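Fold and contact review
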Amino acid sequence: MLEKDFFNRDTLTVAKDLLGKVIIRNDNGIVYKAKIVETEAYLGIEDRAAHSFGDRKTERTKIMYEDAGTIYVYQTYGIHFMLNFVTRDIGIPEAVLIRGVEPLNEFDNISLNRFGKTYKDLSAYQKKNLTNGPGKLTKALNIDKNLNGKNLFKDELYLEDDASIFDIVIDKRIGIDYAKEAIDYPYRFYIKDNPHVSILKKD
């Protein structure tokens, strides 16, 4: 299990180092395992794309001010849940969004969560789109706001190290058109050639 010291570091470094780590999600006895293949860093008060930009303290953003390793789950459009891990010291509202994961087990349960049918019954399109996006992976792993404010050091959700070797691609973040100069910050990281990445870099 990764400890608090892993998360209590520079947020961009954590975002890169999270690649290849394995999420262990214990959901009422079903233990999902999924490798992180894509992340985005959000650098808090100075980052227009971050919920906490300008030191915004709200009922939603207060979780970002918590200790490193706190789980921050928020909802977009009243539908999709987004999984984030808080970094840095308490009071520094920065976090990493998990954008894509590669399923390692429980393919039938993941498929049932996403599409209501077993893996063998999925179309090629559905298999490709199981977990290649932040709202997709939370649905696949049955992650919702019940985890918001909890931490990554308990059985419900934690991370394990992995010895895999890969190349990292650095790119701009996605879906932050409102963020002015922050649109162009190279704060998205993903494993090169992994099929579970949401959007590949354009040459």
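Let me sum up the structure you'll find in this document. None of these values were measured; they are calculated from a predicted model.

Definitions and limits used
- Residues numbered from 1 in each chain as written.
- Predicted model: local features only at pLDDT ≥ 70, side-chain atom pairs only at ≥ 80, totals over all residues.
- Heavy atoms only, no water.
- Salt bridge = Lys/Arg side-chain N within 4 Å of Asp/Glu carboxyl O.
- Buried < 20%, exposed > 50% of the residue type's maximum accessible area, 1.4 Å probe, protein only.
- Helix = DSSP H or I, 4+ residues; strand = E, 2+ residues; numbered from the N terminus.
- Contact = heavy atoms within 4.5 Å.
- Arc of directions from axis to C-beta.

What follows is about the pattern of salt bridges. Side-chain pairs of opposite charge can arise whenever the charged atoms involved come near each other. In the structure shown here, the tally under the stated rule is 17 salt bridges. The residue K57 makes a salt bridge to D55 at a minimum N-O spacing of 3.3 Å. Look at D55 and you get partly exposed, because its relative accessible area is 34%. Residue K172 is joined to D184 by a salt bridge in which the shortest nitrogen-to-oxygen separation is 3.1 Å. In this pair, K172 is assigned in the loop between β8 (168–171) and β9 (188–191) and D184 in the loop between β8 and β9, connecting sequence segments 12 residues apart. In this structure K172 comes out as partly exposed when scored by relative accessible area, which is 41%. The class for D184 is partly exposed, based on a relative accessible area of 47%. Counted as one network, the salt bridges with shared partners bring together E38, E40, R99, D171 and R188.

Let us look at unusual backbone geometry. Unlike most non-glycine residues, Y77 shows phi in positive territory, near 55°. The exposed category is assigned to Y77, whose relative accessible area is 76%. With a phi close to 55°, N142 is a non-glycine residue in the positive phi region.

Turning next to the environment of A179. If you trace the backbone, A179 turns up in the loop between β8 and β9. With 126 residues separating them along the chain, A179 and F53 place their C-alpha atoms 10 Å apart. Apart from residues no more than four positions distant in its own chain, A179 is found in contact with R48 and A49.

To continue, consider helix α3 (residues 107–115). Listed as buried for α3 are I110, S111 and R114. One side of α3 holds all its buried residues, which, seen down the axis, span an arc of 100°. Elements that come into contact with the buried residues of α3 comprise β2 (30–42), β5 (94–103) and α5 (134–140). A positive backbone phi angle near 75° is found at G116, which sits one or two residues after α3.

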